[in-house]
Amino acid sequence: MPTESGSCSTARQAKQKRKSHSLSIRRTNSTEQERTGLPREMLEGQDSKLPSSVRSTLLELFGQIEREFENLYIENLELRREIETLNERLAAEGQVIDGAELSKGQLKTKASHSTSQLSQKLKTTYKASTSKIVSSFKATTSRAVCQLVKEYIGHRDGIWDVSVAKTQPVVLGTASADHTALLWSIETGKCLIKYIGHVGSVNSIKFHPSEQLALTASGDQTAHIWRYAVQLPTPQPVADTSICGEDEIECSDKDEPDVDGDVSSDCPTIRLPLTSLKSHQGVVIAADWLVGGKQVVTASWDRTANLYDVETAELVHSLTGHDQELTHCCTHPTQRLVVTSSRDTTFRLWDFRDPSIHSVNVFQGHTDTVTSAVFTVGDNVVSGSDDRTVKVWDLKNMRSPIATIRTDSAINRINVCVGQKIIALPHDNRQVRLFDMSGVRLARLPRSSRQGHRRMVCCSAWSEDHPTCNLFTCGFDRQAIGWNINIPALLQEK
């Protein structure tokens, strides 16, 4: 009907005009109906399945909501005009309301806004300043929780792995691409032992659970077991290396530690291993001791992991199944379990608790290389990957992870503080972050031009019983770093 068509056109024009100056939902109140002459059903359409009583109630409520929005919008416009008028008057007097000069006293003497208006103005004006204050507080808290204690400088190439001895005397071990492994005094940072038995990059180092034996894996396709004996030097007072600020500053290669003078040249040198394990046909990328220390497992780029008898150096099992090169292996601290990770995006759990048979379970949950997978106390495994995620798994249910941590950079060799269940994540982007087992971020180690790593961080290792340093990291900048993590404070912040 022509009359209805004209009414519909009038309604549409009224709605468009209203939308041009306010946030508006479809008008359904009585005023709009009277203005357009349209029944409520015409405004909402004829295809509604709601009962008329329910529809009527809804339309009434929507109308009330729109009126509230309209009132707020009009009030907002009036406030804006008042602020502009106030600024113009103050500008004429040579004053301007600015974030640097604004104070509650000035507002009280030069403005007649209500308390709510003043609060809103202050929130808007001081938003940037508040963010800076919060950031400063977080940085100060992080420095109090995570402090750099000692730097271990002496390698001539990147350090792939770092490990802490489990027996007295407690020493730090590092494995480097310069074909050496070094043992350090944790307190003084002095090199104690230099192992030069490999002819390729030393890719990992692990200490025997009860004897002064070290296990190293190398690019020369072998793993070596060698005995060491050290005498710890007298510790010197530790200088305060803490700095203000946690802002990341780009560092060039010239900022790397200067090792032209070989600090390891005057320490005792070990040239030959006690035992050499030689069954792999490719780079041996990692090795670890099984519980008890009578067997070791090695992981290689030849896509296999081998289990050896330490006393006889004989191959006990060759573990096959991965489709691409292995990247890491780890043993359970109390059970005969081994986990191997690979570039095929999986990691595998090998069970040797029954001497007559060993079983294997495959964990599939990553989309890129699994760089490491490690055990925690109990039935959990934590895996890290180049897909920038870390996943926590329950060995009793391997179908899906119980927690996932998403980060902004690839993950390298992770380590878990067993007693406190804190995961240390070393990244390609030079950061080291700490998370709990549920995926909550706890802290980031401070890094700047004066402290922290200058290149990719390759590995981390916890030492829960050491009084001064309880976390160690190493990287491509040719240094290892000892940190003091105030774990009670860290967990309290959580």
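Residues numbered from 1 in each chain as written. Predicted model: local features only at pLDDT ≥ 70, side-chain atom pairs only at ≥ 80, totals over all residues. Heavy atoms only, no water.

1. Description of the UniProt feature "repeat: WD" (unreviewed entry) in the chain
Next, step 1: Sequence positions flagged by UniProt for "repeat: WD" (unreviewed entry) are, in local numbering, residues 152–194, 195–226, 277–318, 319–360 and 363–403.
Next, step 2: Helix makes up 0% of residues 195–226 and strand makes up 53%, while its end C-alpha atoms are separated by 9 Å. (UniProt positions renumbered as here; feature names shortened; annotations may be inferred. Helix = DSSP H or I, 4+ residues; strand = E, 2+ residues; numbered from the N terminus.)

2. Thoughts on the sheet that holds strand E14 (residues 315–319)
Next, step 1: Spatial ordering of the open sheet is given by E11-E12-E13-E14, a layout of four strands whose pairing is antiparallel. Each edge of the open sheet is held by one strand with a lone partner, namely strand E11 (284–289) and E14. On average, each strand axis in the sheet is tilted by 20° relative to the strand beside it, whichever way the strands run.
Next, step 2: Bridging between E11 and strand E12 (residues 295–300) involves five bridges; their strand directions are antiparallel. Within the sheet, the bridge partner assigned to Ala287 lies in E12 and is Thr298. (Pairing = 2+ DSSP bridges. Axes fitted to C-alpha atoms, helices over the stretch in contact; angles between N-to-C directions.)

3. Details of the pairing of E14
Next, step 1: Bridge count between strand E13 (residues 305–309) and E14: four bridges; the pairing is antiparallel. Bridged to Tyr308 within E14 is Leu315.

4. Things to note about the layout of surface pockets
Next, step 1: Its boundaries defined by the atoms lining it, the largest pocket holds a volume of some 980 Å³.
Next, step 2: What lines the largest pocket is a set of 39 residues, among which Val164, Lys166, Asn415, Val418 and Trp462 lie closest to the centre.
Next, step 3: Secondary-structure elements contributing two or more residues to the lining of the largest pocket are strand E2 (159–164), strand E6 (202–207), E11, strand E15 (326–331), strand E19 (370–375), strand E23 (415–417) and strand E27 (457–462).
Next, step 4: Of the residues in the lining of the largest pocket, the class split is 21 nonpolar, eleven polar and seven charged. (1 Å grid on protein atoms, 1.4 Å probe; cavity = no way out; pocket = protein on both sides within 12 Å on 5 of 7 lines; lining within 4 Å. Points joined across faces, edges and corners; volume = space filled by probe spheres on them. Nonpolar A, V, L, I, M, F, W, Y, C, P; charged D, E, K, R; others polar.)

5. With respect to the sheet that holds strand E7 (residues 213–218)
Next, step 1: Strand order across the open sheet formed by four strands is E6-E7-E8-E10, with antiparallel pairing between neighbours. Looking at which strands have only one partner, the edges of the open sheet turn out to be E6 and strand E10 (275–277). Going across the sheet, the axis of each strand differs from the next one's by a mean of 20°, ignoring polarity.
Next, step 2: Sheet topology places E7 next to strand E8 (residues 223–227); five bridges connect them, and they run antiparallel. Each bridged residue has a counterpart across the sheet, and for Ala217 the counterpart in E8 is Ala223.

6. Observations regarding the nonpolar core
Next, step 1: Of all hydrophobic cores here, the largest spans 25 residues; its most connected members are Phe347, Phe375, Val382, Ile423 and Leu425.
Next, step 2: Those elements that place two or more of their residues in this core are strand E16 (337–342), strand E17 (346–351), E19, strand E20 (380–385), strand E21 (389–394), strand E22 (403–406) and strand E24 (422–426).
Next, step 3: The dominant element in this core, judged by the number of residues it contributes, is E19, at four residues.
Next, step 4: Setting aside residues up to four positions removed in sequence, Val382 forms contacts with Ser372, Ala373, Val374, Thr376, Val390, Lys391, Val392, Ile414, Val416, Ile423 and Met437. (Core = buried A, V, L, I, M, F, W, Y, C linked by side-chain atoms within 4.5 Å. Buried < 20%, exposed > 50% of the residue type's maximum accessible area, 1.4 Å probe, protein only. Contact = heavy atoms within 4.5 Å.)

7. Digging into unusual backbone geometry
Next, step 1: Residue Pro169 is reached from Gln168 by a cis peptide bond, and omega for that bond is -5°.
Next, step 2: Its location among the elements puts Pro169 in the loop between E2 and strand E3 (171–176).
Next, step 3: Not every positive phi belongs to a glycine, and Arg303 is a case in point at roughly 75°.
Next, step 4: Residue placement: Arg303 occurs in the loop between E12 and E13.
Next, step 5: Notably, Arg478 is not glycine yet its phi reads approximately 70°, a positive angle.

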